[in-house]
Amino acid sequence: MQQRQRIIELNVNGETHTLAVEPQRTLLEVLRDNLGLTGAKRGCDQGYCNACTVLVDGKAVNSCLILAVRAQGKRITTIEGLSHNGRMHPLQEAFVNRGAIQCGFCTPGMVLTAKALLDANPDPSEMQIRRAISGNLCRCTGYVKVVEAIKEAARVLKTGGAA
Amino acid sequence: MQYPRRLPRFEYLEPKSLTEACKLLLQNDGKARVVAGGTDLIPKMKRRDVNPRALISLHGIPGLETISHSQVDGLRLGPLTTLGAVESSTIVTERFNVLYQAVQSMASSQVRGLGTVAGNLCNAAPSADTAPALMVLGTRLKLISPQRERTVAAESFFAGPSATVLEPGEILAEIQIPEVPRRSAGVYIKHTLRRAMDLAIVGVAVAITLQDDTCHNVRIALGAVAPTPIRVPGAEAILKGKGRSGDLFRRAAKEAATACQPIDDVRGSADYRREMVEVLTRRALEQAWDRCPGSTEGKR
Amino acid sequence: MKEYSVVGKRLPRIDSPAKAMGQAKYAADLVLPRMLHGKVLRSPHPHARILNIDTSQAEGLPGVKAVVTGKDTKGVKFGGWRAFTQLIDQYPLCMDKVRYIGDEVAAVAAVDEDTAEEALDLIRVDYEPLQAILDPEAAMKEGAPRIHEEVERNICWSRFIEFGNVEEGFARSDYVREDNFSLQTQAYAPTEPRACLASFDHAGRLTIWTSTQCPYPVQCQLAAALGLREGDVRVVQPFLGGGFGAKFELFPYEVCCSLLAQKTGRPVKMMYTRQEEFSASRTRHAMKIWLKTGFKKDGTLMARQARAVLDGGAYTSFGPTVTFTAGFFHTLLYRLPNYKYEGYRVFTNKPPSSGMRGIGAVQPFFAGETQMDMVARDLGIDPIELRLKNARQPNEVIPKLTTVNSCGLSECLTKVGESTRWHERQSKLPPGRGIGIACAGQQSGGAFNWFRTRLAFSNARVRANDDGTVVLFAGAADIGQGSSTVLCQILAEELGVRFEDVSIVAADTGTTPVDIGTWGSRVTFQAGNAVRAAAIELKKQLFAVVAPKLNADPVDLDIKDRKIFAKGRPEPSMPFPEAVTAAQAANKGKILEVAGSYHPEGKGIVSPAYSFVAVVAEVEVDRETGQVKVDRLTVAHDCGQPINPMSVEGQVEGSVHMGLGYALTEQVVSEKGEMLNPSFLDYRIPTALDMPEVKIIEVITDEPEGPFGAKEAGEGCVAPVAPAIANAIYDAIGVRVKDLPITPEKVLKALREAQPNS
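**Section: the pairing of strand β24 (residues 502-506) of chain C**
Residue and element names in this part refer to chain C.
Point 1. The pairing of strand β23 (residues 470-474) with β24 spans 5 bridges and is classified as parallel. Opposite V470, over in β24, you have V502 as the bridge partner.
Point 2. Following the backbone out of β23, through helix α14 (residues 483-495) and into the adjacent parallel β24, one traces a crossover that is right-handed.

Structural data, given as structure tokens:
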């Protein structure tokens with residue numbers, strides 16, 4: 001067993017963790033089970049719901065589909081890394097203030113997907129927002145207030161409210 | 001009923017060259033799988049649909065994520081070029097738009113960021129969206145193994161559901177898309193029940209090249225209506241050398257519907273699929289024709 | 001319209017920052033030292049006798065700490081419908097028979113998930129397959145094999161409602177029509193797959209953190225299943241990732257998890273996979289409805305008769321309630337003099353069906369509101385006018401069933417019509433485009449004591465601290481609908497303090513008073529009334545102490561913005577913290593804490609109050625592919641006084657989303673009892689690209705029974721979406737689809753049948 005494990009270095013939210021993991025461990029499992037970062041959710045474990053979305057080198061990807069060994073050397077951001085000292089990122093603030101959060105289970109994935117979108121396209125159209133989050137399934141909100149929140153965050157970020 | 005589980009144990013191999021990857025494939029005697037994006041393979045392994053002894057990752061090999069373009073060589077995609085990279089490539093959107101249409105219709109933005117075009121082909125699902133688009137673009141696929149290198153046409157790559165012509169030790173090394181003639185246009189219509197996160201009930205790709213006011217060349221390919229994605233040469237023949245005609249589009253569409261071999265499944269019945277092939281082939285032909293630069297519609 | 005300080009404000013929810021920052025812990029996120037991982041072995045057969053179970057190999061696998069089967073349980077059945085003992089019919093682990101693919105057969109606890117999964121493969125079960133009964137109509141036939149030996153014709157529950165005289169009513173009608181409707185099985189599909197974590201202390205007391213909407217009912221049932229006293233079982237609800245009725249009962253895996261924890265002396269966690277969440281939980285009842293309705297030529301509703309057959313699946317679950325409400329809802333919207341209903345819930349070898357958002361409402365409203373449209377067309381009356389002519393009015397009695405107090409249905413109809421320019425557009429849109437209307441109503445929680453609890457349905461305690469903070473202890477569970485925020489708003493409003501002064505401890509049977517749980521849109525109304533009662537009692541105690549100091553009579557005192565004063569005289573006043581300090585001192589330092597409760601006593605057998613809603617759908621239909629695109633949904637909703645309008649909108653938008661899926665894309669597909677689409681890929685809830693524009697019109701009424709005039713909000717909005725879309729499709733292309741979901745294939749088939757030559 002022991003020799004099956006590999007020592008990897010994961011850079012998560014700016015901190016480097018040295019971990020021994022077996023190759024079959026997904027990034028989602030390592031984040032949740034080894035690092036206690038439970039903000040990424042195991043909603044389906046198949047890549048169909050995107051509740052496990054994290055940013056890898058700035059891109060939103062399904063952490064349930066990527067092996068932890070492959071994430072070695074990449075810059076990983078989880079929802080826990082978006083706020084600083086308890087201060088929310090404008091996206092998080094907009095989600096809260098606009099009522100875009102109900103049960104909250106899809107929220108971390110939704111917020112990070114929106115983060116990747118706004119980083120690449122600071123002024124997205126409503127259709128671009130909807131396309132970007134179309135893989136993030138939500139059973140509570142009908143996406144109405146989620147879309148509003150992302151629009152609001154885009155406005156705030158453009159006027160210099162970046163956290 | 002098999003419930004999905006955590007991933008099974010496997011050996012994780014990271015070759016430093018494609019040749020080494022091919023050798024590792026051979027050494028593992030059919031019990032290893034090449035992994036690129038993993039977006040198809042990982043869920044399959046969790047469901048225990050496949051249970052490889054080893055995964056051969058291509059990510060340790062430099063230079064496989066390329067999108068290169070020249071007038072002579074056309075567009076070349078590497079084995080690790082992601083769907084997302086293709087989607088955001090200006091050259092693809094401008095000159096190979098039918099491929100863009102196919103790619104942007106797939107799964108989610110997250111999956112497109114991981115999954116690769118080569119993986120979509122090698123996974124060989126009958127509904128693979130990139131396949132019809134690549135077929136109508138006249139794509140050839142470079143396959144390499146320790147013994148030889150060969151290229152096959154995209155339409156000759158598939159051998160059945162989840163099966164390709166790849167031989168033991170062979171890897172899809174490059175996707176070669178020839179330069180598109182000037183007065184050409186392509187359309188991919190994906191028929192789904194949901195507008196995202198869905199597999200095609202029917203996928204129809206059409207590429208047309210005009211000369212004067214006639215069809216110089218046309219390719220029609222279908223997804224999700226046969227054991228593999230298919231070309232429908234019979235339907236293409238109806239249109240070649242002819243002018244724009246609703247009647248010909250209808251005849252070609254009917255021929256495409258006759259040529260396909262759909263099945264019943266949870267997404268749709270065989271009859272419905274066949275009917276949709278006819279409707280959507282006609283629409284794709286109309287749209288593609290009218291998008292060709294210099295077509296009567298296109299001039300408007 | 002009354003002006004409130006906290007009620008009626010668009011306040012962000014109190015739990016949203018924790019959720020936005022990823023700090024909110026859901027059941028699957030919890031970890032305890034030395035925790036084991038549990039997994040359940042499920043039946044691969046829809047119906048089979050268990051001949052033998054051999055667990056020896058699994059027990060021998062290194063890392064496996066315990067394996068349990070039915071023999072390790074108390075052999076006691078559980079079920080929520082405790083009012084009738086014959087309805088308590090599910091074992092924690094199957095004893096002699098399995099009744100659906102997914103039924104629990106054995107469970108293991110191991111050092112990690114991988115080992116637990118491996119152990120499942122090593123359990124040998126010998127089955128004798130029995131004939132599977134999958135069609136409820138066939139299951140009801142004499143001589144059909146029985147799924148539960150003691151249940152004749154597999155009829156789990158039947159319910160009859162009758163008032164007036166339908167024969168006479170039909171005889172006096174000028175126009176009578178009959179239609180058959182078929183409603184599919186819908187999956188709840190909450191985004192969180194359920195999970196629980198069970199741990200015993202040294203005295204043998206159990207604490208379980210579990211994904212539940214109903215901590216108290218789970219506590220009672222779990223104690224019974226384990227042979228413990230209720231007081232020795234503590235059920236804590238962590239953050240919950242959506243319920244919609246799916247997480248409303250005790251589930252076998254929670255008993256298994258507790259048993260394994262008991263047996264191993266270590267905490268055990270169990271997490272459902274997505275596939276289990278789809279195929280081994282609950283579903284919305286599939287239903288066949290026959291509906292006959294009679295009218296006068298002028299559109300006066302004369303009589304209605306309905307028969308419903310409900311596909312119950314393998315166990316009772318919440319089915320009896322659905323069997324009843326599926327009959328009740330035919331009576332709610334319109335003045336109906338004569339009515340007769342028979343409903344049969346029938347066991348089949350499929351996952352049990354239960355109450356899902358719009359409980360027992362979406363099915364009858366699809367039938368009734370689609371038929372209403374057909375009637376309007378046949379009689380040549382505008383669909384809105386026909387509804388207005390018969391619409392329920394405030395303070396009306398539905399014979400033998402209930403009283404409707406506030407009712408804004410007519411206003412909903414008028415406003416939604418105005419907003420969508422209905423009269424200019426209906427039947428007048430270009431080909432392929434259509435507009436359709438449908439209505440619905442929903443109860444504000446149930447009045448019937450199906451759980452046979454001796455306690456009030458809702459209880460709350462309020463503690464005032466001398467620093468001015470107030471703590472609310474409420475058993476009611478926030479399942480993502482925002483009830484904790486709403487309860488805090490009600491408390492702050494009644495107590496005259498600020499919203500930020502109030503905090504809440506909720507949904508923990510160890511620390512919060514009993515609440516019957518979150519179902520049937522009862523929490524704002526019923527728990528809200530309990531909270532308000534506690535606040536009123538607290539004020540009474542404070543005022544008694546403060547009155548002499550302000551030279552006033554206690555009944556003349558009021559409190560606003562943290563200050564107590566005599567009505568009509570703002571000074572002298574006493575700040576709230578000072579008043580609390582005085583009250584403590586007057587009682588020798590006793591904490592100022594009071595209780596309040598609410599029970600729907602004498603409110604008929606249905607509910608104390610009802611919400612109403614009218615929806616207009618605008619659609620485009622592709623006649624060649626059969627695809628339906630919904631462009632806009634306009635919703636006029638009477639929910640009384642909204643406590644938090646932003647949350648109400650969120651509930652409406654979510655309900656519309658669920659109704660849209662029900663109408664067009666969602667369906668559990670099964671073959672031989674096996675679900676064929678147990679994934680988010682093949683079970684299609686609408687994505688952000690599928691959602692149309694949603695326009696919401698608030699119709700505010702004052703519900704006398706509700707806290708600050710509030711009543712049910714949002715849930716009622718699921719039901720009218722599908723019939724509104726179906727009616728809009730008719731407006732667009734002139735064909736009716738009477739079985740859901742309305743797939744492109746069904747639309748094409750209907751078109752072909754309407755024009756056989758094209």
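**Quick word on the pattern of salt bridges**
Point 1. Counted by the stated rule, this structure contains 94 salt bridges over all chains.
Point 2. Across the salt bridge formed by R25 of chain A and E29 of chain A, the nearest N and O atoms sit 3.2 Å from each other.
Point 3. Note on R25 of chain A: relative accessible area 15%, which makes it buried.
Point 4. Judged by its relative accessible area of 5%, E29 of chain A falls in the buried class.
Point 5. In this structure, R282 of chain C and E249 of chain C form a salt bridge, with 3.0 Å as the shortest nitrogen-oxygen distance. Here R282 of chain C, found in the loop between α8 (274-279) and β14 (283-284), pairs with E249 of chain C, found in the loop between β12 (233-236) and α7 (252-264); they are 33 residues apart in sequence, far enough to count as distant.

**Topic: the interface of chain A and chain B**
Point 1. Residue-level contacts link 34 residues of chain A with 30 residues of chain B.
Point 2. Around 2600 Å² of area is buried between chain A and chain B when both sides are counted, 50% of it from carbon and sulfur atoms.
Point 3. When residues of chain A are sorted by the area they lose upon contact with chain B, L65, R70 and R131 of chain A head the list and together hold 24% of the total.
Point 4. Our count for the chain A to chain B interface comes out at 6 salt bridges.
Point 5. The salt bridge partner of K46 of chain B is D45 of chain A, with a shortest N-O separation of 3.1 Å.
Point 6. Applying the counting criterion to the chain A and chain B interface returns 18 residue pairs in polar contact (both at pLDDT 80 or more).
Point 7. Broken down by element, the residue count for the side of chain A that touches chain B peaks at 4 residues, all from strand β4 (residues 59-62) of chain A.
Point 8. For the side of chain A that touches chain B, the per-class residue count stands at 12 nonpolar, 11 polar and 11 charged.

**Concerning the domain arrangement of chain A**
All names here are of chain A.
Point 1. By domain assignment, chain A separates into domain 1 (2-80) and domain 2 (90-158).
Point 2. One C-alpha centre belongs to domain 1, the other to domain 2, and the line joining them spans 22 Å.
Point 3. Taken together, the 16 residues of domain 1 in the interface contact 12 residues of domain 2.
Point 4. Carbon and sulfur atoms make up 68% of the area that domain 1 and domain 2 hide from each other, which totals about 1100 Å².
Point 5. Across the contact surface, domain 1 and domain 2 share 0 salt bridges.
Point 6. In this structure, the connection of domain 1 to domain 2 is made through 3 residue pairs in polar contact (both at pLDDT 80 or more).

**Overview of the interface of chain C and chain A**
Point 1. Listed as interface residues are 53 residues of chain C and, on the opposing side, 43 residues of chain A.
Point 2. Where chain C abuts chain A, roughly 3800 Å² becomes buried across the two surfaces, and 57% of that area is made up of carbon and sulfur atoms.
Point 3. The three residues of chain C that bury the most area against chain A are M21, T191 and A688 of chain C, which together make up 17% of that side's buried surface.
Point 4. Joining chain C to chain A, the criterion identifies 7 salt bridges.
Point 5. One can count 22 residue pairs in polar contact (both at pLDDT 80 or more) joining chain C with chain A.
Point 6. Elements that contribute at least two residues to the side of chain C that touches chain A include exactly α1 (16-20), α3 (113-121), β9 (186-187) and α17 (645-664) of chain C.
Point 7. A total of 8 residues in the side of chain C that touches chain A trace back to one element, the largest contributor, which is α17 of chain C.

**Notes on the domain arrangement of chain B**
Residue and element names in this part refer to chain B.
Point 1. Splitting chain B by domain gives domain 1 (11-57), domain 2 (67-177) and domain 3 (184-299).
Point 2. The straight-line distance from the C-alpha centre of domain 2 to that of domain 3 is 20 Å.
Point 3. Taken together, the contact pairs 23 residues of domain 2 with 23 residues of domain 3.
Point 4. Between domain 2 and domain 3 lies a buried interface of about 1700 Å² when both sides are counted; carbon and sulfur atoms form 63% of it.
Point 5. Counting across the interface, domain 2 meets domain 3 through 2 salt bridges.
Point 6. We note a salt bridge from R231 to E155, for which the minimum N-O separation is 2.6 Å.
Point 7. At the boundary of domain 2 with domain 3, the tally comes to 9 residue pairs in polar contact (both at pLDDT 80 or more).
Point 8. Examining the composition of the side of domain 2 that touches domain 3, we find that 5 residues originate from one element, helix α8 (residues 130-136), more than from any other.
Point 9. Here the side of domain 2 that touches domain 3 is composed, by residue class, of 15 nonpolar, 6 polar and 2 charged.

How each quantity is defined
- Residues numbered from 1 in each chain as written.
- Chains lettered and ligands numbered in written order.
- Predicted model: local features only at pLDDT ≥ 70, side-chain atom pairs only at ≥ 80, totals over all residues.
- Heavy atoms only, no water.
- Pairing = 2+ DSSP bridges.
- Helix = DSSP H or I, 4+ residues; strand = E, 2+ residues; numbered from the N terminus.
- Right-handed = clockwise from strand over helix to strand, strands pointing away.
- Salt bridge = Lys/Arg side-chain N within 4 Å of Asp/Glu carboxyl O.
- Buried < 20%, exposed > 50% of the residue type's maximum accessible area, 1.4 Å probe, protein only.
- Contact = heavy atoms within 4.5 Å.
- Buried area = accessible area lost by both parts, 1.4 Å probe.
- Polar contact = N/O pair within 3.5 Å; in protein donor to acceptor, adjacent residues only side chain to side chain.
- Nonpolar A, V, L, I, M, F, W, Y, C, P; charged D, E, K, R; others polar.
- Domains from an automatic or database assignment.

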